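# Fold and geometry: a report
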Amino acid sequence: MSLPVVAVVGATGAVGVEFLSCLEQRKFPMKELRLLASARSKGKKMTFKGTEITVEELTESSFQGVDIALFSAGGSISKKFCPIAAKAGAVAVDNSSAFRMDPTVPLVIPEINPEAVKLHKGIIANPNCSTIIAITPLWPIHRVNRIKRLIASTYQAASGAGAAAMQELIDSTHAYLHNQPFEPKIIPHPYAFNLFSHTSKIDAATGYNEEEIKMVKETRKIFGDNDIRISATCVRVPVLRAHSEALTVECERAITPDEVRALLKNAPGVKIVEDIEKNYFPMPKDASGQGDILCGRIRTDSSDPTGHSFCMFVAGDQLLKGAALNAVQIAELLVK
Ligand code: A2P
């Protein structure tokens, strides 16, 4: 591909602004950058590499001449506009869940299955943020000692629900601290000094919510392993932008914490954070604003006497590796 024209759909959103910063920081090669959002943002200026770019309204003709379109404007916008972008000759890299389980659409974490990018037919899906943050560090282990079973408990930040949810966390905390009443508008529960089960729809038959089901299905697709058994509990916590997760992992063969550390030590996209003496382990505060998944509290699962299982605590920036960074890494594979 010669120098591409790149469009960002949802440029004004929480992930959208991170698309811009990732493209800038990673010096993504491009001829032109176009910013698209709703009519509400038309004419707004955003700065990229020191230059102001005017936001345009997303319409069906927005993709003429576009080579790569990064989407993060919600599932319904993606459902309608990704095929329009693909028809116009662009490759859409979509951060929504609209196409992730479509068998004709690659679902890609560049550290795990970069080769899947080649199979695209105009749309490539970016996985769910909790899935990316859990399985980027599990892949180096799965490759050498197959993971049979994963139990994940998430501690998810406000950013996953968008910029307005982040603002609601700030505003409701301010109101709480000043003893003022606060009426939630975005999040259906009081958010300050509280946590709640992920608000996606619950499947009545199984009791799992959509976020939990995404973690199961997407992991199987990305790992190319339909037999991996997964159970997740997804919870939103009052943190602004980095998700944390407690993982319990059962492998096919015995595995020690030191073996896990050795496998993760030089793995791409992963950083071990473990200071046992200081009780210093991955925290969302440290994960925020950087691209690696922080991994720590690596220990043998004391509930499995066979020695095949370990526990680990991870934290990763939902807006970066969980969304914008992973999508820009996919785009980098397209221009390689
Ligand atoms: P806008 O700012 O104009 O509403 P977030 O995930 O942080 O809530 O951001 C959602 C992003 O999706 C924003 O950039 C928002 O633009 C964009 N968006 C929402 N609805 C539409 C729409 N109908 N057409 C184009 N962009 C949209």
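Residues numbered from 1 in each chain as written. Predicted model: local features only at pLDDT ≥ 70, side-chain atom pairs only at ≥ 80, totals over all residues. Heavy atoms only, no water.

### Points about the sheet that holds strand 14 (residues 293-300)
Here we have 7 strands laid out as an open sheet, ordered 10-11-9-12-15-14-13, and mixed in their pairing. Where the open sheet ends on each side, the last strands, each with one partner, are strand 10 (196-197) and strand 13 (270-272). The pairing of strand 9 (residues 147-156) with strand 11 (residues 229-236) spans 8 bridges and is classified as parallel. In the strand pairing of strand 11, Q156 is matched with R236. On top of the sheet, helix 6 (residues 210-223) reaches strand 9, strand 11 and strand 12 (242-251); it is set at about 140° to strand 11, its chief contact. (Pairing = 2+ DSSP bridges. Helix = DSSP H or I, 4+ residues; strand = E, 2+ residues; numbered from the N terminus. Contact = heavy atoms within 4.5 Å. Axes fitted to C-alpha atoms, helices over the stretch in contact; angles between N-to-C directions.)

### Structural notes on the site of the ligand
In the vicinity of the ligand, 15 residues are found, and the nearest of them are T12, S38, R40, S41 and A163. A14 places a main-chain nitrogen or oxygen 2.8 Å from an oxygen atom of the ligand. With respect to the ligand, the backbone of A163 contributes an N or O atom lying 2.8 Å from an oxygen atom. Notes on the ligand: free accessible area 570 Å², of which the protein chains cover 70%. Class assignment of the residues belonging to the shell around the ligand gives a composition of 7 nonpolar, 7 polar and 1 charged. (Near = heavy atom within 4 Å. Polar contact = N/O pair within 3.5 Å; in protein donor to acceptor, adjacent residues only side chain to side chain. Areas by Shrake-Rupley, 256 points an atom, 1.4 Å probe, with all protein chains shown as cover. Nonpolar A, V, L, I, M, F, W, Y, C, P; charged D, E, K, R; others polar.)

### Concerning helix 1 (residues 14-25)
Look at helix 1: 17 Å from first C-alpha to last across 12 residues, which is about the 16 Å you get at 1.5 Å a residue. All buried positions along helix 1 are accounted for by A14, V15, G16, E18, F19, L20, C22 and L23. Turning to helix 1, the residues buried within the fold contact strand 1 (5-9), strand 2 (32-37), strand 3 (45-48), strand 6 (68-71), helix 5 (163-177) and helix 9 (320-335). Taken from the residues just after helix 1, K27 is the one with a positive phi, measuring 50°. (Expected span 1.5 Å × (residues − 1). Buried < 20%, exposed > 50% of the residue type's maximum accessible area, 1.4 Å probe, protein only.)

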